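Report on the structure
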Amino acid sequence: MIKLDVDIKGKSFLNAQNSVLGHLEINVAKGEFVSIVGPSGTGKSTLLNMIAGLESIDSGSIRYNDQKLEDKPTCKLSYIFQQPRLMPWLTVAENLRLVVPEVTDSEIESILNKVGLEGKSALYPKELSGGMQRRVSIARAFLIRPDILLLDEPFVSLDEPNAKRLRSTLFDLWIEHKTTVVFVTHDLNEAIQLSDRILFLSSAPGEIILDREIDLPRPRLPEDIHFQNWKKQLLSQYPKLLEGKIKQAGLESLFGDHR
Amino acid sequence: MMPNNEVSPFQCGVDNKNTEPTHNSDKRFMGIKKQSRGFVRGMIPLLVILLIWQSVSLFLNNDNLPSVAEVFLSLQSQLIHGDMLHHLMVTLVRVAISFSIAMLLGVAIGIVMGAFPRINEAGDSILVIALNVPALVTIILCYVWFGLVEAAAIAAVAVNKIPTVVVMVREGARVIDRDLLQVAQVFKLSPSRCFFKVYLPQLYPFIMASARSGLSLIWKIVLVVEMLGRSDGVGFQLGTFFHFFDIAGILAYTFAFAAIILVIEGFIMRPLDRYIARGNYRSVGGFND
């Protein structure tokens, strides 16, 4: 397991007039599950891409266990993208073997069992439903036994029963592997249900406007009264939170110290 | 005899649902049956053309248009008493070598030009010129510069084909799915694994298209090359027949080589095409989550 320290001074794209990300300082402890919630266009995916090394950092640093990202740290990183991103020309088993060539057939079957895809190893992605493809991408992510796992709204555009099942799969695998997780979502229920801590991002340029630990016992169910009360309390305290407007509306003083 | 509760998947006049093949062997049989039907349907226009040709040649009664029967007899005689097989093999070897060279170099250059915009910019004008230089010019120049040797013949053919392969592969390299490359990057795939398992498969449809069009182009160029500067091969034989106005011989050789190309297309190119398209075009078998 590793800890993650992000200290980014900002990020802008070549053709964009404004910065997509502002100053961000995020510390994720070993084995911690942190969710990042914010409205669309606040740079959540950009942030994950920067952590994964897919986007350059304009200024600042990202460290895994004090090893800088640019020094190519030795830790194992997994990323579950918004789309499953499976190779269409490879079967399910081949897609898994792509990331871990030495994996045995029994290990493949075992991880597929865990994500509810037993007996599907010989199928091509095209032969799977959207939910099944996402489960393959979850299996792929956990197969490498990651030290850190990044998730970019992996359950978006899925129907609720499917999303619920996948959340539960993800949670079980996290409990088993105790991986450090950074989970980007715009679904507050999802974030409360899964995370140890939630970071709320402001509208662009994205900055953290609230950092809140979740002290609810697990398993957390959205229909549970404590779950609803916790969420209600949070939103009544910070009514503009989901719009990412606390800072922009100049409301910090009303809400006191939100960091 | 089949048990009462079983219904043959090929039984006529039964409910449509029951006619769906349920086993792999049934599916294979259905596939072969479908292919046979396709083959028969494809043969009908050919037979019609042969029929028209035979009728017109009988009507004209002219040496310039021999009948189908005359061509067939010439083909038979060349195969049994002549050295047709030798010339066909020589041409086939030239096609195979020049095709392989053109594909290897064309794919490599196409990938580089597609992946690096600056190299593409620099090489684009050369590519346009290469595409438009007549094949005959390249052949003559190769023979003049390198002599009437085998290497010159093969080089002339390959040089003619390379630009078209480059253009097709370059287009493929331009539309590579970067999202999939990011997967390779995140999961730290080795460069060779990333190239062969993630990058190259995305180019297969483009490589396949250029290979299929290339095969048909290359054998035509090989015949010109042989006619102009070699002492064997189908092209050389066609030149000889031309000098003697042996139209039946010309047609016999043309059909023989076209038949070989059809066999290559049917037994190598199409199966390869199906293999490459395996993940993209397989029908979804109604799996639900």
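These numbers were taken from a predicted model, which means no experiment stands behind them. (Residues numbered from 1 in each chain as written. Chains lettered and ligands numbered in written order. Predicted model: local features only at pLDDT ≥ 70, side-chain atom pairs only at ≥ 80, totals over all residues. Heavy atoms only, no water.)

For the rest of this paragraph, the subject is the overall build of chain A. A tally of regular secondary structure across chain A gives eight helices and 10 strands. Out of the 259 residues in chain A, the part that is buried amounts to 55%. For chain A, the exposed surface amounts to about 11100 Å²; the carbon and sulfur share of it is 48%. (Helix = DSSP H or I, 4+ residues; strand = E, 2+ residues; numbered from the N terminus. Buried < 20%, exposed > 50% of the residue type's maximum accessible area, 1.4 Å probe, protein only. Areas by Shrake-Rupley, 256 points an atom, 1.4 Å probe, with all protein chains shown as cover.)

Turning next to helix 2 (residues 92–99) of chain A. Helix 2 of chain A sits mainly inside the fold: six of its eight residues count as buried. Within helix 2 of chain A, burial applies to Val92, Ala93, Asn95, Leu96, Leu98 and Val99 of chain A. Each element contacted by the buried residues of helix 2 of chain A is listed here: helix 3 (105–114) and helix 4 (130–143) of chain A together with helix 8 (191–229) of chain B. (Contact = heavy atoms within 4.5 Å.)

All names here are of chain B. Space inside the largest pocket adds up to approximately 900 Å³. With 10 residues, helix 10 (residues 247–276) is the largest single contributor of residues to the lining of the largest pocket. Counted by class, the lining of the largest pocket contains 16 nonpolar, four polar and three charged residues. Each of domain 1 (16–60) and domain 2 (82–278) accounts for three or more of the residues forming the lining of the largest pocket. (1 Å grid on protein atoms, 1.4 Å probe; cavity = no way out; pocket = protein on both sides within 12 Å on 5 of 7 lines; lining within 4 Å. Points joined across faces, edges and corners; volume = space filled by probe spheres on them. Nonpolar A, V, L, I, M, F, W, Y, C, P; charged D, E, K, R; others polar. Domains from an automatic or database assignment.)

If you look at the interface, chain A gives 32 residues, while chain B gives 23 residues. For the pair chain A and chain B, the summed buried surface comes to about 2600 Å²; carbon and sulfur atoms form 60% of the total. For the interface between chain A and chain B, the tally reads one salt bridge. At the boundary of chain A and chain B, one finds seven residue pairs in polar contact (both at pLDDT 80 or more). When residues of the side of chain A that touches chain B are traced back to their parent elements, those giving at least two are strand 6 (77–80), helix 2, helix 4 and helix 5 (160–177) of chain A. Top contributing element to the side of chain A that touches chain B by residue count: helix 4 of chain A, with five residues. For the side of chain A that touches chain B, a count of residues per class yields 19 nonpolar, six polar and seven charged. (Buried area = accessible area lost by both parts, 1.4 Å probe. Salt bridge = Lys/Arg side-chain N within 4 Å of Asp/Glu carboxyl O. Polar contact = N/O pair within 3.5 Å; in protein donor to acceptor, adjacent residues only side chain to side chain.)

The subject of this paragraph is unusual backbone geometry. All names here are of chain A. Of note, the amide linkage connecting Arg218 to Pro219 takes the cis form, showing an omega dihedral of 0°. Structurally, Pro219 is set in the loop between strand 10 (208–213) and helix 7 (225–237). With a phi angle near 40°, Glu153 is a residue other than glycine that sits in the positive phi range. Structurally, Glu153 can be placed in the loop between strand 7 (148–152) and helix 5. Residue classification places Glu153 among the buried residues on the basis of a relative accessible area of 9%.

Quick look at a nonpolar patch on the surface now. Residue and element names in this part refer to chain B. A surface patch of nonpolar side chains, amounting to about 1100 Å² of accessible area, comprises Ile129, Val133, Leu136, Val137, Ile140, Leu141, Val144, Trp145, Phe146, Val149, Val224 and Leu228. Within the residue set of the nonpolar patch, elements represented by two or more residues are helix 5 (135–146) and helix 8. When residues in the nonpolar patch are grouped by element, the largest group, seven residues, is from helix 5. Topologically, Ile129 is positioned in helix 4 (residues 117–132). Judged by its relative accessible area of 56%, Ile129 is exposed. (Patch = residues over 30% accessible without salt bridge, like charges linked within 9 Å, V, L, I, M, F, W, Y side chains within 5 Å.)

Oppositely charged side chains can pair when the atoms bearing their charge come close. All names here are of chain B. Applying the stated criterion across every chain, the model contains 19 salt bridges over all chains. Measuring nitrogen to oxygen at the nearest pair gives 2.4 Å for the salt bridge that ties Arg94 to Glu150. Linking Arg94 in helix 3 (residues 84–115) with Glu150 in helix 6 (residues 150–174), this pair joins segments that are 56 residues apart in sequence. We classify Arg94 as buried; its relative accessible area is 4%. Accessibility expressed as a relative area gives 31% for Glu150, which makes it partly exposed. For the salt bridge of Glu171 with Arg174, the shortest nitrogen-to-oxygen distance reads 3.1 Å. Of the two residues, Glu171 and Arg174 are both situated in helix 6; the distance of three residues between them amounts to about one turn of the helix. Residues participating in the shared-partner salt-bridge network are Arg94, Glu150, Glu226, Arg230 and Asp232.

Let us now look at the nonpolar core. Membership of the largest hydrophobic core comes to 132 residues, with the highest contact counts inside it found for Leu4, Leu47, Ile51, Ile62, Tyr64 and Leu150 of chain A together with Leu203 of chain B. In terms of residue count, helix 8 of chain B provides more of this core than any other element does, 15 residues in total. Not counting chain neighbours up to four residues away, the residues in contact with Leu4 of chain A comprise Ile26, Asn27, Val28, Ile51, Ile62, Arg63, Tyr64, Ile148 and Val182 of chain A. (Core = buried A, V, L, I, M, F, W, Y, C linked by side-chain atoms within 4.5 Å.)

In any sheet, the strands associate via hydrogen bonds between backbone groups, in a parallel or an antiparallel arrangement. All names here are of chain A. Read from one edge of the open sheet, six strands run 6-7-8-3-9-10, paired in mixed fashion. The open sheet has two edge strands, strand 6 and strand 10, and neither has a second partner. Averaged over all pairs of adjacent strands, the angle between their axes in this sheet comes to 15°, without regard to strand direction. Strand direction decides the pairing type here: strand 6 and strand 7, joined by four bridges, are parallel. Bridge pairing links Tyr79 to Leu150 in strand 7. (Pairing = 2+ DSSP bridges. Axes fitted to C-alpha atoms, helices over the stretch in contact; angles between N-to-C directions.)

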